[in-house]
Amino acid sequence: MSNNSNSINVPEARQALDQLKMECANEVGVNLKQGYNGDLTSRQAGSVGGRMVQKMIEAYEKSM
């Protein structure tokens, strides 16, 4: 069993998360490519991740 907290518990969610990531990157003006994106700055990666969290919180709040 992996102790990686970044693992996806539901394999079918991978595609949805990838789509959300690309959508959020587009919204904040970060040019992501499929696969490796290690050339991004910390600021760029953080802005994408932060926007993803915002959208997930908004979706949860709407479902309440």
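Here's what I pulled together on the structure shown here.

Reading the values: the criteria
Residues numbered from 1 in each chain as written. Predicted model: local features only at pLDDT ≥ 70, side-chain atom pairs only at ≥ 80, totals over all residues. Heavy atoms only, no water. Helix = DSSP H or I, 4+ residues; strand = E, 2+ residues; numbered from the N terminus. Expected span 1.5 Å × (residues − 1). Buried < 20%, exposed > 50% of the residue type's maximum accessible area, 1.4 Å probe, protein only. Arc of directions from axis to C-beta. Contact = heavy atoms within 4.5 Å.

**Comments concerning helix α2 (residues 42-63)**
Next up, step 1: Taking 1.5 Å as the rise per residue, α2 with 22 residues should run 32 Å; its terminal C-alpha atoms sit 32 Å apart, in good agreement.
Next up, step 2: Along α2, the residues that are buried comprise Val48, Arg51, Met52 and Lys55. Looking straight down α2, one finds its buried side chains confined to an arc of 100 degrees; they lie on one side. Pointing more than 90 degrees away from the buried face of α2 are the exposed residues Ser42, Arg43, Tyr60 and Glu61.
Next up, step 3: Considering only its buried residues, α2 is in contact with α1 (13-27).

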